[in-house]
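Letter by letter, the chains look like this.
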Amino acid sequence: GSLFMLLVTFVLAIPIGAAAALYLEEFAPKNRWTDLIEININNLASVPSIIYGLLGLAVIINVAGLPRSTPIVGGIVLSLMTLPVVIIAARSSINAVPPSLRDAALSMGASRTQTVFHHVFPLAIPGIMPGSIIGMARALGETAPLLMIGMVAFVVDPPGSLYEPATALPVQIYLWSDSPERAVAEKTAAAIFVLLGFLLMMNLLAVLVRRHFERHR
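Residues numbered from 1 in each chain as written. Predicted model: local features only at pLDDT ≥ 70, side-chain atom pairs only at ≥ 80, totals over all residues. Heavy atoms only, no water.

## Some remarks on the pattern of salt bridges
In this structure the tally under the stated criterion is four salt bridges. The shortest N-O distance in the salt bridge between E25 and R91 comes to 2.6 Å. Here the residue E25 occupies a position in helix α1 (residues 2-27), and R91 occupies one in helix α4 (residues 71-95), the gap between them amounting to 66 residues. A relative accessible area of 16% means that E25 is categorised as buried. The shortest N-O distance in the salt bridge between E26 and R112 comes to 3.8 Å. Taken together, the positions of E26 in helix α1 and R112 in helix α6 (residues 112-140) put the pair 86 residues apart, joining distant regions of the chain. Relative accessible area serves as the criterion here: at 44%, R112 is assigned to the partly exposed category. A single network of salt bridges, built from pairs that share partners, joins E25, E38 and R91. (Salt bridge = Lys/Arg side-chain N within 4 Å of Asp/Glu carboxyl O. Helix = DSSP H or I, 4+ residues; strand = E, 2+ residues; numbered from the N terminus. Buried < 20%, exposed > 50% of the residue type's maximum accessible area, 1.4 Å probe, protein only.)

Here it is, written out as structure tokens:
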């Protein structure tokens, strides 16, 4: 369940977040509307995660009609929660690209679109990808929004698709830690180690991705 939700989060949050950051930094006109959008993005990054769970329950499940307790709903909710973090990280990386590079590309006859996608964006990737992966690692540890969309049931078999009932590691740890049975303590400890392993792997992946792009840029 956690893997499926991370897959949905990766597919939705990173492309949309990077595209929004590129538009706001390179193409959007500077007026009161873009200022309002920037303020809202910064505010959304600090909204409690349970609010996104309520949003998923009200809109994605009750209005859109997607099934409860499924990785597709959990992934969409986590994507909405991660999207402001990805946009902020991507905008910081795009801002870090020297303005002289843009001026040089434009002076050589490149269009604005060619300058952005052939020069600015490749140089910003070493900052965009690690920030996005760390944002996904934060989403992996969230429990409150998943509780709101019903991912608290005991599921015997792992889900075979994005639309089958599932649970997630943080929710399972929360449920096991509250259980009075003595045998559950070992399961809780094992699940915590697995979750920590996931988080360490994702942080290591962020470091490796950054070094890879820094070497090849």
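## Structural notes on the nonpolar core
Core analysis: the biggest nonpolar cluster contains 17 residues, and M5, V73, V77, L146, I149 and M151 have the highest contact counts within it. When contributions to this core are tallied by element, the ones reaching two or more residues are α1, α3 (49-61) and α4. Take this core: its biggest share by element is five residues, from α4. Not counting the four nearest positions on each side in its chain, I149 is found in contact with G53, G56, L57, I61, R68, S69, V73, G74 and V77. In this structure, L140, L169, I173 and V209 belong to the second largest nonpolar core, which totals 13 residues. (Core = buried A, V, L, I, M, F, W, Y, C linked by side-chain atoms within 4.5 Å. Contact = heavy atoms within 4.5 Å.)

## Quick look at the confidence of the model for the chain
Mean pLDDT over the chain works out to 81, with 94% of the residues at or above the 70 mark. No element of the chain has a lower mean pLDDT than helix α7 (residues 144-148), at 78, and none a higher one than α1, at 87. (pLDDT = per-residue confidence, 0-100.)

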